[in-house]
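What the coordinates show
Residue strings, one per chain:
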Amino acid sequence: YTMKYTTLALLLATMGQTNALTAPNKARQPATSNRRDVLSNSLKIIAAATTTTTAFLPRIAMADVSDGNTLPQGALQFSRALKAKSDWEEIAKSVKTRGAELSKDEWEGVMSYLRKLYSIGDDLKAISKGMDPSKKKEAERLISEFQASVKSADITARNKDVDAFLVLYQKSAANLDDFFGLLQDVPDEI
């Protein structure tokens, strides 16, 4: 609102200057000077009127969601959790098939991913806020176990222990599956 009132004040002040030009002037100035002043003041009035008009126009929503390139927060968190689950399966499959052949850089990449995977627990916590209270406690337990397994998997990846890594993968993947199972509201009879 301050912009609208400031613009309106500018418009009124500019109009006041124009009226002063049309008042009789005791000391006559050359005609070219008056024409320049009138033209200058006219441009100020037009600019002020345009600004005032645009100030009262409705504003366009500026959400990225409307651009179609991002999801709303809840859907984005759910999407990241699903993607992390599928990526985690792919990494475990790669470690299982190539275990001893993985280079130091590949193990570094696995450890980097595990740090990102650990942060997915925050998305899972946000998703669980909308659950029934009975399911919410179970979800909190699963998230805690999931993060603990991922943290331990980081240590086994640092030690390049394929067998221990795969055991921790199985545990964390089961935690994720159970968590997503809590989100299902469809009865088993259907």
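Structural data are supplied above this passage.
Rules used in this analysis
- Residue positions are given per chain, counted from 1 along the sequence in the order it is written.
- Residue-level local features of this predicted model are given only where pLDDT is at least 70; pairs of side-chain atoms are given and counted only at 80 or more, and the full residue set underlies all totals for whole chains, interfaces and linings.
- To get the side-chain values, take all heavy atoms of the structure and skip hydrogens and water.
- The patch calculation keeps residues exceeding 30% relative accessible area without a salt bridge and links them within 9 Å when they carry like charges or within 5 Å when they are nonpolar (Val, Leu, Ile, Met, Phe, Trp, Tyr).
- Surface accessibility follows the Shrake-Rupley procedure with a 1.4 Å probe radius. Residue values consider only the protein chains on display as shielding.
- Note on definitions: salt bridges are taken to be side-chain nitrogens of Lys or Arg within 4 Å of carboxyl oxygens of Asp or Glu.
- Under the scheme used here, helices are H or I runs from DSSP no shorter than 4 residues and strands are E runs no shorter than 2 residues, and both carry numbers assigned from the N terminus.
- Exposure is judged per residue with a 1.4 Å probe applied to protein chains only, and the accessible area is read against the type maximum: over 50% gives exposed, under 20% gives buried, and values in between give partly exposed.
- Put simply, a nonpolar core is a bunch of buried Ala, Val, Leu, Ile, Met, Phe, Trp, Tyr and Cys residues held in one set by side-chain atoms that sit within 4.5 Å of each other.
- Pairs of residues are marked as contacts when any of their non-hydrogen atoms sit within 4.5 Å.

1. With respect to a nonpolar patch on the surface
A grouping of Leu39, Leu43 and Ile46 is seen on the molecular surface, where their side chains present a nonpolar patch of about 320 Å² in accessible area. When you line up the elements, Leu43 lands in helix H2 (residues 31-55).

2. Quick word on the pattern of salt bridges
Evaluated as defined, the whole model comprises ten salt bridges. Residues Lys83 and Asp87 are paired through a salt bridge, measuring 3.1 Å at the closest nitrogen-oxygen approach. With Lys83 and Asp87 both in helix H4 (residues 73-98) and four residues apart, the pair spans about one turn of that helix. Note on Asp87: relative accessible area 25%, which makes it partly exposed. Several salt bridges converge on common partners, so that one network encompasses Lys85, Glu89 and Asp177.

3. Quick notes on the nonpolar core
Within soluble globular proteins, side chains that are nonpolar tend to cluster in buried spots. Counting 34 residues, the largest nonpolar core has Trp88, Val95, Leu114, Leu117, Phe165 and Phe179 as the members making the most contacts within it. For this core, the element with the highest residue contribution is helix H7 (residues 162-182), accounting for ten residues. In this view, Leu117 contacts Ala84, Trp88, Phe146 and Val150; residues no more than four positions away in its chain are not counted.

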